[in-house]
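Chain and residue survey
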Amino acid sequence: MTIHDNIQTIGERIRAAEQRFGRERGSVSLLAVSKKHPATNIREALAAGQGLFGENYVQEMVEKSAELADANIEWHFIGPIQSNKTRLIAATARWVHSVDSFKVAKRLSEQKPADAPALNICLQVNISGETSKSGVQVRELPALAAEVAALPGVRLRGLMAIPAPEHDFARQRAVFAQVRECQEALIAQGFTLDTLSMGMTDDMEAAIAEGATIVRIGTAIFGVRE
Ligand SMILES: *Cc1c(COP(=O)(O)O)cnc(C)c1O
């Protein structure tokens, strides 16, 4: 299978899941996670019509964006954020999915180039049982959302989650349902949110069933990483 074929297949899987779970056709976007894969692979995905690319490492995103400066790519930063790297992120990415502190959000707000459109932000939420230390705790979400929503130059779009790997479909769904419920609670409190960034190669369908609007797919497009 070529990268081109993989993009086609993932697109079909997304459309099938939208239909199966009563989601509007086209309501789920594909973010191609290109971390640890070279710019030539990104060019292949671009040729297949893919325009959104996600990276986890700041230096890697900056290098690839320079290498691919001629291409029409929307970069999404999805990795852990060190506050001394926020300037590079704000200069390169249109979206940041992994914001989990006010300090980082404030720096992104201050450092976004004045001529660039508002930087789209998702708050990464740490749902129970997660092994990773990143992500804001559920009980701290409303306060952080209020602080971030008030910042100039950034636009709070929704939530992102990286649940612990889980093979059982019902259990995958149960975790994503918790993220959706967090989002619904924030909307009930008056926040305008339209994005749920959740679902990877192995749990994409469960995420779509629970309302994902962006799925972040690496392996199923580019193959296994080193
Ligand atoms: C690597 C990564 C992905 C893609 O994972 P796959 O299982 O390869 O599809 C998605 N989201 C984040 C945050 C990642 O780090």
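Quick caveat, the model's predicted, so the values are computed rather than measured. (Residues numbered from 1 in each chain as written. Predicted model: local features only at pLDDT ≥ 70, side-chain atom pairs only at ≥ 80, totals over all residues. Heavy atoms only, no water.)

1. Some thoughts on the packing of helix α1 (residues 3–20) against helix α2 (residues 39–47)
Pairs of packed helices are described in terms of their axes, by the angle between the two and the distance that separates them. Running from N to C, α1 and α2 cross one another at 50°; their axes reach a closest spacing of 8 Å. Between α1 and α2, the crossing angle belongs to the class labelled oblique. Crossing of α1 against α2: the hand is right-handed. Across the interface between the two elements, Ile3, His4 and Ile7 from α1 touch Asn41, Glu44, Ala45 and Ala47 from α2. Classifying every residue of the contact of α1 with α2 gives four nonpolar, two polar and one charged. (Axes fitted to C-alpha atoms, helices over the stretch in contact; angles between N-to-C directions. Helix = DSSP H or I, 4+ residues; strand = E, 2+ residues; numbered from the N terminus. Parallel < 35°, antiparallel > 145°, perpendicular 65-115°, else oblique. Left-handed = near helix turned anticlockwise from the far one by under 90°. Contact = heavy atoms within 4.5 Å. Nonpolar A, V, L, I, M, F, W, Y, C, P; charged D, E, K, R; others polar.)

2. Some thoughts on the pattern of salt bridges
Within the structure shown, the criterion is met by 11 salt bridges. Here aspartate 70 makes a salt bridge to arginine 43, at a shortest N to O gap of 3.1 Å. Remark: arginine 43 occurs in helix α2 and aspartate 70 occurs in the loop between α3 (58–67) and β3 (74–77); sequence separation between them is 27 residues. Owing to a relative accessible area of 60%, aspartate 70 belongs among the exposed residues under this scheme. According to the relative accessible area criterion, arginine 43 is partly exposed, its value standing at 36%. With a closest N to O distance of 2.8 Å, lysine 64 and glutamate 55 form a salt bridge. Across the pair, exposure class does not vary: lysine 64 and glutamate 55 are buried alike. Each of Arg173, Arg180, Glu184 and Glu210 takes part in one network of salt bridges that share partners. (Salt bridge = Lys/Arg side-chain N within 4 Å of Asp/Glu carboxyl O. Buried < 20%, exposed > 50% of the residue type's maximum accessible area, 1.4 Å probe, protein only.)

3. Side note on the packing of aromatic side chains
By the definition in use, this model includes two aromatic pairs. Pairing phenylalanine 21 with phenylalanine 169 gives two aromatic rings, centres 6.2 Å apart and planes at 25°, and the pair type is stacked. With a gap of 148 residues between them, phenylalanine 21 in the loop between α1 and β1 (29–33) and phenylalanine 169 in helix α7 (residues 169–188) connect regions that are remote in the sequence. A relative accessible area of 19% means that phenylalanine 21 is categorised as buried. (Phe/Tyr/Trp six-rings, centres within 6.5 Å; stacked < 30°, edge-to-face > 60°.)

4. Some points on the UniProt feature "modified residue: N6-(pyridoxal phosphate)lysine" (unreviewed entry) in the protein chain
Here, UniProt's "modified residue: N6-(pyridoxal phosphate)lysine" (unreviewed entry) annotation points to Lys35. Within the secondary structure, lysine 35 sits in the loop between β1 and α2. (UniProt positions renumbered as here; feature names shortened; annotations may be inferred.)

5. Looking at the site of the ligand
All residues adjacent to the ligand are Val33, Lys35, Asn56, Ile78, Ile162, Met200, Thr201, Arg216, Ile217, Gly218, Thr219 and Arg225. At 2.7 Å, a side-chain N or O of lysine 35 approaches an oxygen atom of the ligand. Contact with the protein chains covers 90% of the free accessible surface of the ligand, which is 390 Å². With respect to the detected pockets, the ligand is housed in the largest pocket. Its residues assigned to classes, the shell around the ligand comprises five nonpolar, four polar and three charged. (Near = heavy atom within 4 Å. Polar contact = N/O pair within 3.5 Å; in protein donor to acceptor, adjacent residues only side chain to side chain. Areas by Shrake-Rupley, 256 points an atom, 1.4 Å probe, with all protein chains shown as cover. 1 Å grid on protein atoms, 1.4 Å probe; cavity = no way out; pocket = protein on both sides within 12 Å on 5 of 7 lines; lining within 4 Å. Sits in = over half its atoms within 2 Å of the grid points.)

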